[in-house]
Amino acid sequence: MQEIRITPSILNADLDNLDSEISKIAEVADLLHLDIMDNKFVPNLTWNFEAAEKIIRNSSLPVDAHLMISDPDIQAPKYAEVGCKSVTVHYEATANLKQTLQSIRRAGARAAVGIKPKTDFSVLLEYRDLIDMILVMTVEPGFGGQKFMADMMDKVSKARDFIGGADIWLQVDGGISEDTIEIAREAGADTFVAGSAVFKAPDPAAMVMKLKELATK
Ligand code: DX5
Ligand code: ZN
């Protein structure tokens, strides 16, 4: 039985009261998912490194940084150095995936790679020994609140077969809610990002617990 992780995304939380938002889920979530966007790799802008570093250093939860930026090879190791538990770069944005995954690990974080909906799973085959988490995007990266793409489940199943018994987490991100989490779990995901489902819920902690329960059944 794989361990299940719920990693709430604060992208659509109340950003003026971030400490209080994080404290709502701190007891029940497994990691805090931090979406870094540079308005180049995706058409949206969030925290730069300096702002992210403050969140990472302050967070009582371990941080899972999702870098949706055009220069991940340069930036990713910095996120690992300031204490992220996991750092995800996008396959589509890296110039040297092998080297970047190695430097994330060397700096003490889990090295993760994400693929956008149009990217085929086979691009990751040669990197198995260097990867600690695979992120299969279940929406086009850039915004919260989009519809879950059930047609990505084929890719999730392929990733599950590929992982076999290795210590590689399999994450899905985009449109995960009470209605979709079981579909993704069934396909083989074990690590679930949920943004709007958690922070738009009247009781975010209860929603995290609900999602975990649905994925654990
Ligand atoms: C989208 C981000 C997601 C986003 C998910 O590009 O990577 O992490 O916050 O939001 P929901 O759960 O609302 O789809
Ligand atoms: Zn994300």
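Above this text is the structure in question.
None of the values given here were measured: they were computed from a predicted structure.

Rules used in this analysis
Residues numbered from 1 in each chain as written. Chains lettered and ligands numbered in written order. Predicted model: local features only at pLDDT ≥ 70, side-chain atom pairs only at ≥ 80, totals over all residues. Heavy atoms only, no water. Helix = DSSP H or I, 4+ residues; strand = E, 2+ residues; numbered from the N terminus. Rg over C-alpha atoms; globule rule 2.2 N^0.38 Å. Buried < 20%, exposed > 50% of the residue type's maximum accessible area, 1.4 Å probe, protein only. Contact = heavy atoms within 4.5 Å. Donors = N, O, S within 2.8 Å, 3.2 Å for Na, K, Ca; no water. Tetrahedral: all angles 85-135°; square planar, octahedral: opposite > 155°, others 65-115°. Core = buried A, V, L, I, M, F, W, Y, C linked by side-chain atoms within 4.5 Å. Axes fitted to C-alpha atoms, helices over the stretch in contact; angles between N-to-C directions. Parallel < 35°, antiparallel > 145°, perpendicular 65-115°, else oblique. Left-handed = near helix turned anticlockwise from the far one by under 90°. Pairing = 2+ DSSP bridges.

Q: Whenever I open this one, the overall build of the chain confuses me. Can you help?
A: Looking only at helices and strands, the chain has eight helices and eight strands in total. For 217 residues, the compact-globule formula gives about 17 Å, and the C-alpha radius of gyration of the chain, at 16 Å, lands near that figure. Taking the principal axes of the C-alpha coordinates as reference, the chain spans close to 45 × 40 × 30 Å. Every one of the 217 residues in the chain was classed for burial, and the buried ones make up 58%. Within the chain, residue pairs in contact and separated by at least 24 positions form 64% of the contacts whose partners lie at least 6 positions apart.

Q: What should I look at first to understand the coordination of the zinc ion (ligand 2) in this one?
A: Ideal geometry at a metal centre: 109.5 degrees between donors when four sit tetrahedrally, and 90 or 180 degrees when six sit octahedrally. Within the protein, His33 (NE2), Asp35 (OD), His66 (ND1) and Asp173 (OD) serve as the donor atoms for the zinc ion (ligand 2), at 2.1 to 2.3 Å. The site at the zinc ion (ligand 2) holds six donor atoms, and with the angles between them running 72 to 170°, its shape is octahedral. Counting residues between consecutive donors of the zinc ion (ligand 2) along the chain gives the motif H-x1-D-x30-H-x106-D. Here Asp173 lies in strand β7 (residues 169-173) and His66 lies in strand β3 (residues 63-68), a separation of 107 residues in the sequence. Given a relative accessible area of 0%, His66 falls into the buried group.

Q: Quick question: what am I supposed to make of the nonpolar core here?
A: For soluble globular proteins, nonpolar side chains are generally found buried alongside one another. Counting residues in hydrophobic clusters, the biggest one holds 68 residues, and the most contacted among them are Ile10, Leu34, Leu67, Tyr79, Val87, Ile134 and Phe192. When residues no more than four places from it in sequence are discounted, the contact partners of Leu67 are Ile36, Gln75, Ala76, Tyr79, Val87, Thr88, Val89 and His90. Counting six residues, the second-largest nonpolar core is a separate cluster that includes Leu11, Met37, Val42 and Ala93.

Q: Is there a simple way to think about the packing of helix α3 (residues 72-81) against helix α4 (residues 97-106) in this case?
A: Each pair of packed helices can be summarised by the angle the axes make with each other and by the distance between the axes. The interhelical angle for the contact between α3 and α4, taken along N-to-C directions, is 10°, at an axis separation of 8 Å. By the angle between their directions, the pair α3 and α4 is classed as roughly parallel. When you trace α3 past α4, the crossing you get is right-handed. Contacts between α3 and α4 pair Pro72, Asp73, Ala76, Pro77 and Ala80 from the former with Leu97, Thr100, Ser103 and Ile104 from the latter.

Q: Which parts of the structure should I look at to understand α3?
A: Since there are 3.6 residues in each turn of an α-helix, residues three or four apart along the chain are aligned in direction. Residues of α3 that are buried include every one of Pro72, Gln75, Ala76, Pro77, Tyr79 and Ala80, and no others. Summarising the contacts, the buried residues of α3 are in contact with β2 (32-37), α2 (49-58), β3, β4 (86-90) and α4. Gly83 occupies a position one or two residues after α3 and carries a positive phi of about 110°.

Q: Help me out: how do you make sense of the sheet that holds β2 in this one?
A: Each strand in a sheet pairs with its neighbour through backbone hydrogen bonds, running either in the same direction (parallel) or in the opposite one (antiparallel). Strands sit in the order β1-β8-β7-β6-β5-β4-β3-β2 across an open sheet of eight strands; the sheet is parallel. Every other strand in the sheet has two partners, leaving β1 (5-8) and β2 as the edge strands with one partner each. Within this sheet the neighbouring strands show an average axis-to-axis angle of 25°, counted without direction. Bridge count between β1 and strand β8 (residues 191-194): four bridges; the pairing is parallel. Bridged to Ile6 within β8 is Phe192. In the packing of α3 onto the sheet, the strands contacted are β2, β3 and β4, and the crossing angle to β4 comes to about 170°. Of the strands in this sheet, β1 and β8 touch helix α8 (residues 204-216), which is tilted by about 145° from β1.

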